[in-house]
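Structural description and commentary
Chain by chain, the residues:
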Amino acid sequence: MIIDRLRKYAVQKIVSVLFALTRPISYHKTSLILSCMLLKLCQLLFRQVQHFFRGMVFRPTERILDDVQSARFEKLKMEIDTFGVSIVSNYFSDDRFAELVSDFDAVLAPCPPRPFRGGGTVRTTTVYEDDPDSSARHLYNALARDPVLLSLVEHIHRRKISTLPRISLQELVMAADKPNIPEPNAVLHSDRHYHHAKAFFYLNDLNGSSGAYLYAKGSNKIGNIWRLIHEVDIDVRESLAVWRRRLGLIPGHLSITGIEQIRPSLLRHLQHPIQSMDGDRNSFVFSDNIGFHARGNMVAGTIRRQVHIHFTYIEVSIFGELIRRTVLALKPALRRVVI
Ligand SMILES: O=C(O)CCC(=O)C(=O)O
Ligand SMILES: [Fe+2]
């Protein structure tokens, strides 16, 4: 009996460790001892050195870009390196964009609206490269295989993309009578302590009151003292928050809906201009999410229609990649779990 339980426990542990390896390493380790030993600074240093060396050996995949695309790519590279974010309006031709809108509507049509944490409702679904539905595949091919996007992602990560991303479609509706309750993604945050790309394609016109992406320009540069203080500070607070929860204590005053906020005094010292990436429909926002960002405020009655493309998964370790590929080869149906 005890042996059985032990065996079951061991199997569960092994599976969860293997599974964790297929995920990109998380931001906070949430171990108070390691946080106080400044583990975060070591991790940051390691990642910066890794990024530097990757930059030395990285050879981008050769993609055929026309003149417009080449000019776009050069401008995007420059802006991403300098500010961490960039937006291109009128990304596709009007006809192509109209097709993408009808694909988006067709793919979301069967998805029921669900309550959204920040108030209102959300309809959302995820599409992979081999989706059986033709609208989904058409939308996927236009966005996730876009050569400028993929080249830029390789530039941000300083490595080649070996697996194509998933894309998520999202329609957020802030009901007219719903209060705008704080929600984690609407709080300024960084996703990871290493450079990684995300892209947001706008299907409707978005601004600072209808949920346009918000980014603290220049916060992709992390080698300054205030940012390093912030990294240690937030790491310790995240670890403390775990203990607070365990002990049934109230969250710290800088905690909003379960995530730790950037200390306002440090944000002031950092002096990053916080910009709402306002854009008309058919705009593509590219972001290095090591920088501080958030979903912009959505006032009652506004709608946000976007496609999100995530590339964090590129940063799994070599073991993780091996496990992921083995799982996918043996059981393709498990892809939703391992990408
Ligand atoms: O929904 C948004 O605009 C931002 C979400 C976010 O924080 C993220 O995708 O990392
Ligand atoms: Fe985020």
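Note that the structure is a prediction, hence the values are computed from the model and not measured.

Definitions and cut-offs
- Residues numbered from 1 in each chain as written.
- Chains lettered and ligands numbered in written order.
- Predicted model: local features only at pLDDT ≥ 70, side-chain atom pairs only at ≥ 80, totals over all residues.
- Helix = DSSP H or I, 4+ residues; strand = E, 2+ residues; numbered from the N terminus.
- Rg over C-alpha atoms; globule rule 2.2 N^0.38 Å.
- Buried ≥ 20, exposed ≤ 12 C-beta atoms within 10 Å, placed from the backbone.
- Axes fitted to C-alpha atoms, helices over the stretch in contact; angles between N-to-C directions.
- Parallel < 35°, antiparallel > 145°, perpendicular 65-115°, else oblique.
- Left-handed = near helix turned anticlockwise from the far one by under 90°.
- Contact = placed C-beta atoms within 7 Å.
- Pairing = 2+ DSSP bridges.
- Expected span 1.5 Å × (residues − 1).
- Domains from an automatic or database assignment.

With that settled, the discussion passes to the overall build of the protein. Scanning the protein for helices and strands turns up 11 helices and 12 strands. The globule rule puts the C-alpha radius of gyration for 339 residues at 20 Å, and the 21 Å found for the protein is close to it. Along the first, second and third principal axes, the C-alpha set of the protein runs to 60 × 50 × 50 Å. Classification of the 339 residues of the protein by burial places 31% in the buried group.

We now examine the packing of helix H5 (residues 94–108) against helix H6 (residues 134–144). H6 packs onto H5 with a crossing angle of 130° between their chain directions and a minimal axis gap of 8 Å. With respect to each other, H5 and H6 are oriented oblique. Where H5 crosses over H6, the handedness of that crossing is left-handed. Contacts between H5 and H6 pair Arg96, Leu100, Asp103, Phe104, Ala106 and Val107 from the former with Ser135, Ala136, His138, Leu139 and Ala142 from the latter.

Our focus in this paragraph is the sheet that holds strand S9 (residues 274–276). Read across the open sheet, the three strands follow the order S9-S6-S11; overall the sheet is antiparallel. Lying at the two open borders of the sheet, with one neighbouring strand each, are S9 and strand S11 (293–295). With direction set aside, neighbouring strand axes in the sheet form an average angle of 20°. The sheet contact formed by strand S6 (residues 213–216) and S9 spans three bridges and is antiparallel. In the strand pairing of S9, tyrosine 215 is matched with glutamine 275.

Further remarks concern unusual backbone geometry. A positive phi angle, near 45°, is found at asparagine 90, a position not held by glycine. For asparagine 90, the position within the fold is in the loop between strand S1 (85–88) and H5. Note on asparagine 90: 13 C-beta atoms within 10 Å, which makes it partly exposed. In this structure, glutamine 271 is a non-glycine residue whose phi angle is positive, near 55°. Note on placement: glutamine 271 falls in the loop between helix H9 (264–270) and S9.

Reading across the sheet, the seven strands line up as S1-S10-S5-S12-S4-S3-S2 and stay open at both edges, with antiparallel pairing between neighbours. Two strands bound the open sheet, and with one partner strand each, they are S1 and strand S2 (114–115). Note: strand S5 (residues 197–202) against strand S12 (residues 303–310), five bridges, orientation antiparallel. The partner of alanine 199 across the bridge, within S12, is isoleucine 309. The strands touched by helix H7 (residues 147–157) within the sheet are S5 and strand S10 (284–288), with S5 carrying the most contacts at an inclination of about 150°.

Within strand S4 (residues 167–173), five of the seven residues are buried, leaving the element largely enclosed by the surrounding structure. Where strand S3 (residues 121–127) meets S4, seven bridges bridge the pair, whose relative direction is antiparallel. Across the sheet, the residue bridging to threonine 124 is glutamine 170, located in S4.

Along an α-helix, a turn takes 3.6 residues, which lines up residues three or four apart on a common side. For helix H8 (residues 225–246), with 22 residues, the first-to-last C-alpha span of 32 Å sits near the 32 Å given by 1.5 Å per residue. Among all positions of H8, only Arg227, His230, Glu231, Ile234, Asp235, Arg237, Glu238, Ser239 and Ala241 are buried. Those residues of H8 that are buried lie in contact with helix H2 (32–36), helix H3 (39–57), strand S7 (255–256), strand S8 (259–260) and H9. Once H8 finishes, glycine 248 follows within two positions and takes phi at roughly 70°, a positive value.

Looking at the protein, the domain boundaries give domain 1 (1–23 + 316–339) and domain 2 (30–315). Distance from the C-alpha centre of domain 1 to the C-alpha centre of domain 2: 27 Å.

Most of S10 is tucked away: five of the five residues are buried. Neither face of S10 is open: one carries Phe284, Phe286 and Asp288, the other Val285 and Ser287, and all of them are buried. As paired strands, S1 and S10 are joined by four bridges and run antiparallel to one another. Paired with valine 88 across the two strands is phenylalanine 284, which belongs to S10.

Our focus in this paragraph is the environment of asparagine 289. Within the secondary structure layout, asparagine 289 lies in the loop between S10 and S11. Accessibility expressed as a C-beta count within 10 Å gives 23 for asparagine 289, which makes it buried. The spacing of asparagine 289 and arginine 137 is 152 residues in sequence and 26 Å in space, taken between C-alpha atoms. For asparagine 289, the residues in contact, after removing those within four places along its chain, are Ser190, Asp191, Arg192, His196 and Lys198.

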